[in-house]
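Here is how the chains run, residue by residue.
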Amino acid sequence: AARLRAAGVEVEIGVLEREAAAQNAIFLHNLREPARPFVALKLATTIDGRIADANGNSRWISGAEARAFVHWLRAGFDAIGVGGVTARADDPLLTVRGALRPRTRPLRVVFAADGDIPLALEVVRTARETPTVAIVASAARPSIIAPAEAAGVEVIRSADLLSALGTLRKRGVGSLLVEGGGRLAGALLAAGLVDRYYWVQSPLWLGMGAIPAIAGLPGSALGEARRWSVSERRALG
């Protein structure tokens, strides 16, 4: 910049810096914090912050347009993650479907500390077709993990979320999209490991007894709470 100015060229620094940083967030994160992936949390909630009703039903809180957006979103990440409870309750495929095809299929990651990943789950049944990783606690019993391993699931033992993310980064995962559940979301937020939050908010209430979107997040005084900045808002049907 100094050489350009010395040559008589007008130079401006920081043009649309905020917009560029939002658009290139994953790239910039991997330059600044190469030890762990960029982590985005995506939750579809009601207005009162619920991800399922009292019976555990979550299909569908959002609409068709929102679900199409999520598949588009998935295509831009190296890995798609979900908590073990959500995996057992919803049996998600964690793949990109629709007209858009990613250059590389995202790795599927199940955070199941206890190692309970039933063979009947789609992510286990299709593990040999679509690479799937299970993040389990260091103390998880081998007998519980063994069936999923035999079915093709790669098991990573980890003491905590940060070290688990570090292992994923070494495996080549530069970006991870986490799609629930509430306990995993709360644990990641509590540890300061969420870089972006995609909040799909639907116009309905489920009230008392329904399952909260974020669980186990420690309380904070208003003056000490982290304030997030909004990158974008859009209507999805």
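Above: the structure in question.
Here the structure is a predicted model, which means the values were calculated and not measured.

Asks: Which residues make up the pairing of strand 6 (residues 154–158), and what values go with them?
Replies: Of the pairings in the sheet, the one linking strand 5 (residues 132–137) to strand 6 comprises five bridges and is parallel in character. Bridge pairing in strand 6 links valine 136 to arginine 157. You can see the chain leave strand 5, run along helix 7 (residues 142–150) and come back into strand 6, and the turn it takes is right-handed.

Asks: Can you lay out the layout of surface pockets for me, pointing to particular residues and giving the numbers?
Replies: Empty space within the second largest pocket amounts to approximately 1200 Å³. In terms of lining, the second largest pocket is formed by 50 residues, of which the most central are Val82, Thr86, Glu179, Gly180 and Gly181. Considering every element that reaches the lining of the second largest pocket, the biggest residue donor is helix 5 (residues 84–90), with six residues. Taken together, the residues of the lining of the second largest pocket break down into 27 nonpolar, 11 polar and 12 charged.

Asks: Give me the pattern of salt bridges: which residues, what numbers.
Replies: Going through the model one piece at a time under the given rule, you end up with nine salt bridges. A salt bridge links arginine 234 to glutamate 232, with the nearest nitrogen and oxygen atoms 2.9 Å apart. What makes glutamate 232 exposed here is its relative accessible area of 52%. Overlapping salt bridges bring together Glu33, Arg36 and Asp195 as one network.

Asks: Please provide a residue-by-residue account of the packing of aromatic side chains, values included.
Replies: Any pair of aromatic rings gets described here by the distance separating the centres and the angle formed by the planes. Enumeration according to the criterion identifies two aromatic pairs in this entry. Over the ring of tryptophan 60 we find arginine 67, and its NZ or CZ is 4.4 Å from the ring centre.

Asks: Go over helix 3 (residues 25–32), please, and point to the residues and values.
Replies: Within the sequence span of helix 3, burial applies to Ala25, His29 and Asn30. One side of helix 3 carries all its buried residues, which in axial view fall inside an arc of 130°. The exposed residues of helix 3 that point more than 90 degrees off its buried face are Phe27 and Leu31. In this structure, the buried residues of helix 3 make contact with helix 2 (17–23), strand 1 (38–46), helix 8 (161–170) and strand 8 (196–202).

Asks: I'd love a proper account of unusual backbone geometry, names of residues and values included.
Replies: Going from arginine 59 to tryptophan 60, the amide bond is cis rather than trans, its omega being -5°. Counting through the fold element by element, tryptophan 60 comes out in the loop between strand 2 (50–52) and helix 4 (64–74). Following glycine 180, the chain continues to glycine 181 via a peptide bond in cis, the omega torsion being 5°. Within the secondary structure layout, glycine 181 lies in the loop between strand 7 (175–178) and helix 9 (182–190).

Basis of the calculations
Residues numbered from 1 in each chain as written. Predicted model: local features only at pLDDT ≥ 70, side-chain atom pairs only at ≥ 80, totals over all residues. Heavy atoms only, no water. Pairing = 2+ DSSP bridges. Helix = DSSP H or I, 4+ residues; strand = E, 2+ residues; numbered from the N terminus. Right-handed = clockwise from strand over helix to strand, strands pointing away. 1 Å grid on protein atoms, 1.4 Å probe; cavity = no way out; pocket = protein on both sides within 12 Å on 5 of 7 lines; lining within 4 Å. Points joined across faces, edges and corners; volume = space filled by probe spheres on them. Nonpolar A, V, L, I, M, F, W, Y, C, P; charged D, E, K, R; others polar. Salt bridge = Lys/Arg side-chain N within 4 Å of Asp/Glu carboxyl O. Buried < 20%, exposed > 50% of the residue type's maximum accessible area, 1.4 Å probe, protein only. Phe/Tyr/Trp six-rings, centres within 6.5 Å; stacked < 30°, edge-to-face > 60°. Lys NZ or Arg CZ within 6 Å of the ring centre and 35° of its normal. Arc of directions from axis to C-beta. Contact = heavy atoms within 4.5 Å.

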